[in-house]
Amino acid sequence: NEDCKDASKGTEHADGEKTNVPSTTELRRAQIIAAAFPLISKKGFAQTSVREIAQAVGMSVPAIYKYVSNKDEILELIYKDYILQTETSVAVAAGGTLAAEEKLRNALAASMAQLDKHQSKIRMMYRETRSLQPEVRDRVKKQGQQYIDLFQEILEEGIESGAFRDVDTKLVSSLIPQITEVW
């Protein structure tokens, strides 16, 4: 569904102005994610039907397809929801005019807080990664890269200011998610 793409950006009105008020599509998709996650966690993606998800959310199967194009998109939305929440949390924590050291400290703390908060979702996502279609896996990976890029920007800022020693920022920032996961 093209009208469902990038729903996280708010509602655009006829005059072109956007608001942060969630659209009906955003709200419905959030309900679908909330209903699908425990089912997929318990039964696995392959064993969970759209009919079960529809029943759990209180919608008909045809109504579900007004908000997602297929079952794979539901799994993709779960991934994207987690990545967006984590990315937003890290960006907010590292925002402002703080020194690079403080930004990095805050970003790491925010990342670990998200990991703690979403442990069951992360376990399910690791288990179900094989269920993602290759093109979906690529889209999810691309969105996850934006999260890693936040750390790379902080590291580059710190190197430029002299707060951090010169390192391969791309390599170090790509290791940060793994380091925080084992923390």
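Summary of the structure given here. Model, not experiment: these values are computed from the prediction.

What counts, and where the lines are drawn
- Residues numbered from 1 in each chain as written.
- Predicted model: local features only at pLDDT ≥ 70, side-chain atom pairs only at ≥ 80, totals over all residues.
- Heavy atoms only, no water.
- Core = buried A, V, L, I, M, F, W, Y, C linked by side-chain atoms within 4.5 Å.
- Buried < 20%, exposed > 50% of the residue type's maximum accessible area, 1.4 Å probe, protein only.
- Helix = DSSP H or I, 4+ residues; strand = E, 2+ residues; numbered from the N terminus.
- Salt bridge = Lys/Arg side-chain N within 4 Å of Asp/Glu carboxyl O.
- Expected span 1.5 Å × (residues − 1).
- Axes fitted to C-alpha atoms, helices over the stretch in contact; angles between N-to-C directions.
- Parallel < 35°, antiparallel > 145°, perpendicular 65-115°, else oblique.
- Contact = heavy atoms within 4.5 Å.
- Nonpolar A, V, L, I, M, F, W, Y, C, P; charged D, E, K, R; others polar.

What follows is about the nonpolar core. Within the largest apolar cluster, 29 residues are counted, with the highest numbers of intra-cluster contacts made by I32, I40, I64, I74, L75, I78 and M124. Contributing elements (two or more residues each) for this core: α1 (24–43), α2 (50–57), α4 (71–93), α6 (119–128) and α7 (134–161). Here the element with the most residues in this core is α4; it accounts for seven residues. Listed in part, the 14 residues of the second largest apolar core include A100, A107, Y147 and L155.

For the coordinates displayed, the defined rule picks out eight salt bridges. Salt-bridge contacts for K43 lead to E52; the nearest nitrogen and oxygen are separated by 2.3 Å. Exposure remark for K43: the relative accessible area of 34% places this residue in the partly exposed category. In this structure, D81 engages K121 in a salt bridge whose closest nitrogen and oxygen atoms are separated by 3.3 Å.

We now examine α7. Compared with an ideal rise of 1.5 Å per residue, which puts 28 residues at 40 Å, α7 spans 40 Å between its outermost C-alpha atoms and is within 8% of the ideal. Here α7 has its buried residues at V136, V140, Q143, G144, Y147, I148, L150, F151, Q152, I154, L155 and G158. Following α7 by one or two positions, G162 adopts a phi angle in the positive range, close to 90°.

Attention now moves to the environment of Y147. Within the secondary structure, Y147 sits in helix α7. Under the relative-accessibility criterion, Y147 is labelled buried at 10%. Separated by 64 residues in the primary sequence, Y147 and I83 place their C-alpha atoms 7.5 Å from one another.

Here we come to the packing of α4 against α7. Two elements in contact, α4 and α7, have axes separated by 9 Å at closest approach and are oriented at 5°. As far as their axial angle goes, α7 and α4 are roughly parallel. Two secondary-structure elements touch here, α4 through E76, Y79, K80, I83, L84, T86, E87, V90 and A91 and α7 through V136, R139, V140, Q143, G144, Q146, Y147, L150 and F151. In the contact of α4 with α7, the residues fall into ten nonpolar, four polar and four charged.

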